[in-house]
Amino acid sequence: MESMLNKLKSTVTKVTADVTSAVMGNPVTREFEVGRHIASGGPGLCWRIYNGTKKSTKQEVAVFVFDKKTVDKYPKFEKDQIIDSLKRGVQQLTRLRHPRLLTVQHPLEESRDCLAFCTEPVFASLSNVLGQWENLPSPLPSDIKEYKLYDVETKYGLLQISEGLSFLHSGVKMVHGNLCPENIILNKSGAWKIMGFDFSISSSNPSDAEPKYTCKEWEPNLPPLCLPNPEYLAPEYILSVSCDSASDMYSLGVVIHAVFNEGKPVFQVNKHDIFKSFSRQLDQLSTMSPSLLNKIPEEVREHVKMLLSVTPNVRPDADQMTKIPFFDDVGATTLQYFDSLFQRDNLQKSQFYKGLPKVLPKLPKRVVVYRILPALTSEFINPDMVPFVLPNVLLIAEECTKEEYIRLILPDLTPVFKQQEPIQASNMILLIFLQKMDLLLTKTPPEDIKNSVLPMVYRALEAPSVQIQELCLNIIPTFANLIDYPSMKNSLIPRIKSACLQTSSLAVRVNSLVCLGKILEYLDKWFVIDEILPFLQQIPSREPAVLMGILGIYKCTFSHKKLGIPKENLATKSLPHLVSLSIDNNLNLNQFNSFMAVIRDMLSRMEAEHKTKLEQLHVMQEQQRSINISNPGQQSEETKNPPNTGNQIDDIFGSSGVNGKENGATAPASQPNRMSLTLEEKQRLAKEQEQAAKLRNQQPLAPQTIKPANTNNSQTKDLTSSLLNNMTSLNSLSLTNTARPAPVQGTTIAAFPSPSPMMGTMGGPVSNGFNPTMGFQTGGMGMAMRPAGPNLYGGMATTTSTPNFGALTQNQGPIGQSNKTPDMSALDNLFTPSQPKVTLNQMGPKPMPGTNTPWLSQFGSVQNAQTQMQGASVGMGGMPSGFGMQANPFFSPQNFSQPAAAPSMNQSGIKQSASANNDLKDLFG
């Protein structure tokens, strides 16, 4: 890599040094910037050709430089002769002005080291193109090395040379004297130009009809640069020292031969014995064999044979050569017409430009791009001709690469994008550009699209011509994918909407809706919902075509997988709008059916989406409820229950709270009843209530508090007194010497026991300490349920909750009574449930193994008292703690706000109590 960089550096340094040394000190460098060496030309290819630019105008030129060091090998006399000959040729060229002669931009300037002059931009000499590469840069430029002449280029080039000779012979009365490929220059457009007038001969009597030319005798001792190229000279020039215009025609014949024979002339001349060579050549020309011209096209072969005739009078003149059928080629004729455009009026030009699109595809790309395109773009300064020229320029642009388009075409198109005068021409220009918009957006850089192309589209949408607006709206969808989104959102869409609302043309309004419908896929979903759909409601007209266009936009937005309409928008905006439009009197049956089909699809999707949402929400709520019920708190391993934790249920509800039918235990027959509390017991109860309140605030799921609708103060007082007396009597029992085994894990106690008295294992009735039998109804019984949590003593509380006694008295007392029951919520937090909801199969009593165990065997030692309630969650009188307002799956909130209804059977076959008073009587006697 480093070696390549060094080589490149040395090459650049060498080229820069060559250029600097070649023109250093020459006055040409004061006005022109000299570039790289590109070609060579002139007599003996002695002139080096550089590209350059004029410093003041940045106009591109070609700089011809002759380095005097190349002739230092000659004596001073010969050196001066060479320089004088070259200077004479440039000066003669400078005086002559014709399209077929090389145009001089700056006259010859001489310095100590070089000669230099500037001309129009040049590609190379014909000699370079035909393979003569002397005095060319190294490495050889690839464009010259790979250059091949097309037939149309050859034909038109030879025609141009013939026209140039015609000008010299007829107009100037001059013989060129050295017409050869070295002195034929191809300019940058591909036109062939004549230079090298070093040996030109002017007529001695230019005013006479028959000019006379004086020819110099051949001097073989002079340097080659002081003599014309003998291989292209007519025989009479050497043999008879005579010449006229026919001598140049002989040279033209040799040039034609060289063009079709890879640069080789007809004969090779021995310059050291030129007279002998020409004598032999003369004999060969007299008996010319057909093989000598076999590579020349047949249609011009006879003309070339005549040009190479030994007799000058047989040779056709230049004017006759321009009219031979060989040059009647469509391409050559087209190129010739371009060269004479400045002589045509606008009508003739317009007719020519109209037929040009048929010819352009038949011409080579290089000819079209570098020869025809410059002539076309030069017509942009004529506003009336732009509509006729522009289609041809865009046709050429389609065949160009993006780089060629940006470099050769776009600079000339930019002013045309903004042309607005005259109005008629401006409208035609808009139509032409709109038809080729995909080409412009594909090859034009984004910055130029934003600054030049899109403003023209916006101008077309706002044009007063309905035809332009319709065409613009029809074409926009074809290139919408090439427009950047910000431009479409902020500039294009607002103008389409404005055209739809403000126009008085039904066609423009309908085409606006159709255009919007086709470009919806390139827009953002929420932009469509926020900008496009509300715009549809602003359209004032109600013609069927407009209504169907509105329906089409709704349908496209609704059905497109990228877009879609949210159900909220469907329900509140889209469907009401469509329904109102669907009953318009202008619609026929098929159109109405189309409206209803879209409306039904929208309704179906809205129903399905909202139903799915509600179902998912319902499932989530059920899952959350199941999680809250089935994941109660667990006892911490690091904390221990106090010794009397297992007796808390006994202290509050009596020992019958842990005995039931399912575990085969038998409750004691009776319990003492204390109706009063000691001061110590009241203090302990107050402390428990305070700590229970703190625990309740820490629970994630607080129990649902039921406020009784009607409460009787006296009945509530009796209930509270009975409860407190019961607690006092239970506290007096001593169970320290009685061991109770922990219930089996996972046991459940019937949620709805039979209305009959509860039976022990021996078949006897079970007593709860207040009445002889514990048969009581379940109606009106509500048990609160909470997750397990720490108890009052730092351990884990058992999972049994206290009954919700407020629910027992909700239907008692007159309606509107303001008396409230005492707040017993502190008791609710002593224990929390640990079991989920019970099923119907679990609501009935189930026999358990070991039903023959005596009821006294349930009581264990004091050490077992801490864990006796962790296995099962039971409530008062054998009721499970999950039975209550939150845990009961059949709970109906209406039961708490309606009066007591007649007894009914629930799903378990349990008869509901008629009133809460019956329950109280069964429970407390």
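Residues numbered from 1 in each chain as written. Predicted model: local features only at pLDDT ≥ 70, side-chain atom pairs only at ≥ 80, totals over all residues. Heavy atoms only, no water.

Digging into the packing of aromatic side chains
Part 1 of the reasoning: Going through the model one piece at a time under the given rule, you end up with nine aromatic pairs.
Part 2 of the reasoning: Where Phe-417 meets Phe-433, the ring centres are 4.7 Å apart and the plane angle is 45 degrees; that geometry is what we call tilted. Taken together, the residues span a long stretch of sequence, with Phe-417 in helix α16 (residues 402-417) and Phe-433 in helix α17 (residues 423-435) at a distance of 16 residues. Grouping residues by exposure puts Phe-417 and Phe-433 together as buried.
Part 3 of the reasoning: Among the aromatic residues, those joined into a cluster by ring pairs are Trp-47, Phe-64, Phe-66 and Phe-117.
Part 4 of the reasoning: Geometry around Phe-326 places Lys-155 over its ring, the cationic atom sitting 5.2 Å from the centre.
Part 5 of the reasoning: Seen from the ring of Phe-558, Arg-605 lies directly overhead, with NZ or CZ sitting 3.9 Å from the centre. (Phe/Tyr/Trp six-rings, centres within 6.5 Å; stacked < 30°, edge-to-face > 60°. Helix = DSSP H or I, 4+ residues; strand = E, 2+ residues; numbered from the N terminus. Buried < 20%, exposed > 50% of the residue type's maximum accessible area, 1.4 Å probe, protein only. Lys NZ or Arg CZ within 6 Å of the ring centre and 35° of its normal.)

Concerning helix α14 (residues 365-377)
Part 1 of the reasoning: Where α14 bends most, at Arg-371, the angle is about 30 degrees, and the proline Pro-374 comes one to four residues later.
Part 2 of the reasoning: Every buried residue belonging to α14 is among Val-367, Val-368, Val-369, Arg-371, Ile-372, Leu-373, Ala-375, Leu-376 and Thr-377, and all of these are buried.
Part 3 of the reasoning: Where α14 is buried, its residues contact α6 (151-172), α12 (330-339), α13 (346-359), α15 (386-399) and α16. (Bend = angle between axes of the 7 residues up to and from the residue. Contact = heavy atoms within 4.5 Å.)

A look at the sheet that holds strand β8 (residues 184-187)
Part 1 of the reasoning: Strand order across the open sheet formed by three strands is β6-β8-β9, with antiparallel pairing between neighbours. The sheet is open, and its two borders are formed by β6 (122-125) and β9 (192-194), each paired with just one other strand. Averaged over all adjacent pairs, the angle separating strand axes in this sheet is 35 degrees, with direction ignored.
Part 2 of the reasoning: The pairing of β6 with β8 spans three bridges and is classified as antiparallel. Paired with Val-122 across the two strands is Asn-187, which belongs to β8. (Pairing = 2+ DSSP bridges. Axes fitted to C-alpha atoms, helices over the stretch in contact; angles between N-to-C directions.)

Re the pairing of strand β3 (residues 60-67)
Part 1 of the reasoning: Within β3, six of the eight residues are buried, leaving the element largely enclosed by the surrounding structure.
Part 2 of the reasoning: As defined by bridge partners, strand β2 (residues 47-54) adjoins β3 across six bridges and the pair is classed as antiparallel. Directly across from Tyr-50, in β3, lies its bridge partner Val-63.
Part 3 of the reasoning: With antiparallel pairing between neighbouring strands as the criterion, β2 and β3 make up a hairpin whose turn holds five residues, including Lys-58 at a positive phi of roughly 60 degrees.
Part 4 of the reasoning: Where β3 lies against strand β5 (residues 114-119), six bridges are found, and the strand directions are antiparallel. Bridge pairing links Ala-62 to Thr-119 in β5.

Here we look at the sheet that holds β5
Part 1 of the reasoning: Spatially, five strands are ordered β1-β2-β3-β5-β4 in an open sheet, and the strand pairing comes out antiparallel. Each edge of the open sheet is held by one strand with a lone partner, namely β1 (32-41) and β4 (104-110). Between one strand axis and the next, the sheet turns by 25 degrees as a mean value, whatever way the strands run.
Part 2 of the reasoning: Relative to β5, β4 is paired through four bridges, and the arrangement is antiparallel. For Val-104, the partnering residue across the bridge sits in β5 and is Thr-119.
Part 3 of the reasoning: The strands touched by helix α3 (residues 76-95) within the sheet are β2, β3, β4 and β5, with β4 carrying the most contacts at an inclination of about 155 degrees.

Overview of the pattern of salt bridges
Part 1 of the reasoning: In total, this model carries 22 salt bridges according to the counting rule given.
Part 2 of the reasoning: Taking the shortest distance from any N to any O, the salt bridge between Asp-80 and Lys-76 comes out at 3.0 Å. Placement of both Asp-80 and Lys-76 in helix α3 is noted, with a separation of four residues, approximately one turn of the helix.
Part 3 of the reasoning: Here Lys-323 ties to Asp-319 by a salt bridge, and the two come within 3.5 Å at their closest N and O atoms.
Part 4 of the reasoning: With a relative accessible area of 37%, Asp-319 lands in the partly exposed category.
Part 5 of the reasoning: Bridged by salt links that share partners, the residues Arg-100, Glu-163, Asp-339 and Arg-371 form one connected network. (Salt bridge = Lys/Arg side-chain N within 4 Å of Asp/Glu carboxyl O.)

Thoughts on the packing of helix α19 (residues 446-461) against helix α20 (residues 466-479)
Part 1 of the reasoning: Look at α19 against α20: their axes get within 8 Å of each other, and the N-to-C directions meet at 130 degrees. Taken together, the axis directions place α19 and α20 in an arrangement best described as oblique. Counting all contacts with α19, which are made through Val-457, Ala-460 and Leu-461, the residues of α20 involved are Ile-468, Gln-469, Cys-472, Leu-473 and Ile-476.
Part 2 of the reasoning: Class assignment of the residues belonging to the contact of α19 with α20 gives a composition of seven nonpolar, one polar and no charged. (Parallel < 35°, antiparallel > 145°, perpendicular 65-115°, else oblique. Nonpolar A, V, L, I, M, F, W, Y, C, P; charged D, E, K, R; others polar.)

Describing the packing of α15 against α17
Part 1 of the reasoning: Where α15 contacts α17, the two axes come as close as 9 Å, and the packing angle between them is 15 degrees. In terms of axis orientation, α15 runs roughly parallel to α17. Crossing of α15 against α17: the hand is right-handed. Across from Val-386, Pro-387, Leu-390, Pro-391 and Leu-394 in α15, the residues of α17 making contact are Ala-425, Met-428, Ile-429, Ile-432 and Phe-433. (Left-handed = near helix turned anticlockwise from the far one by under 90°.)

Considering unusual backbone geometry
Outside of glycine, negative phi angles account for most residues, and trans bonds account for most peptide bonds.
Part 1 of the reasoning: Note the cis peptide between Ser-138 and Pro-139, where omega equals 5 degrees.
Part 2 of the reasoning: The topology assignment puts Pro-139 in the loop between α4 (126-129) and α5 (142-145).
Part 3 of the reasoning: Here the phi dihedral of Lys-173 falls at roughly 60 degrees; this positive angle occurs in a residue that is not glycine.
Part 4 of the reasoning: Note that Lys-173 resides in the loop between α6 and β7 (174-175).
Part 5 of the reasoning: A positive phi angle is found at Val-241, which is not glycine, with a value near 50 degrees.
Part 6 of the reasoning: Here Val-241 shows up in the loop between α7 (235-239) and α8 (245-259).
Part 7 of the reasoning: Classification of Val-241 by relative accessible area gives partly exposed; the value is 31%.

The values reported here are purely geometric and, on their own, carry no functional implication.
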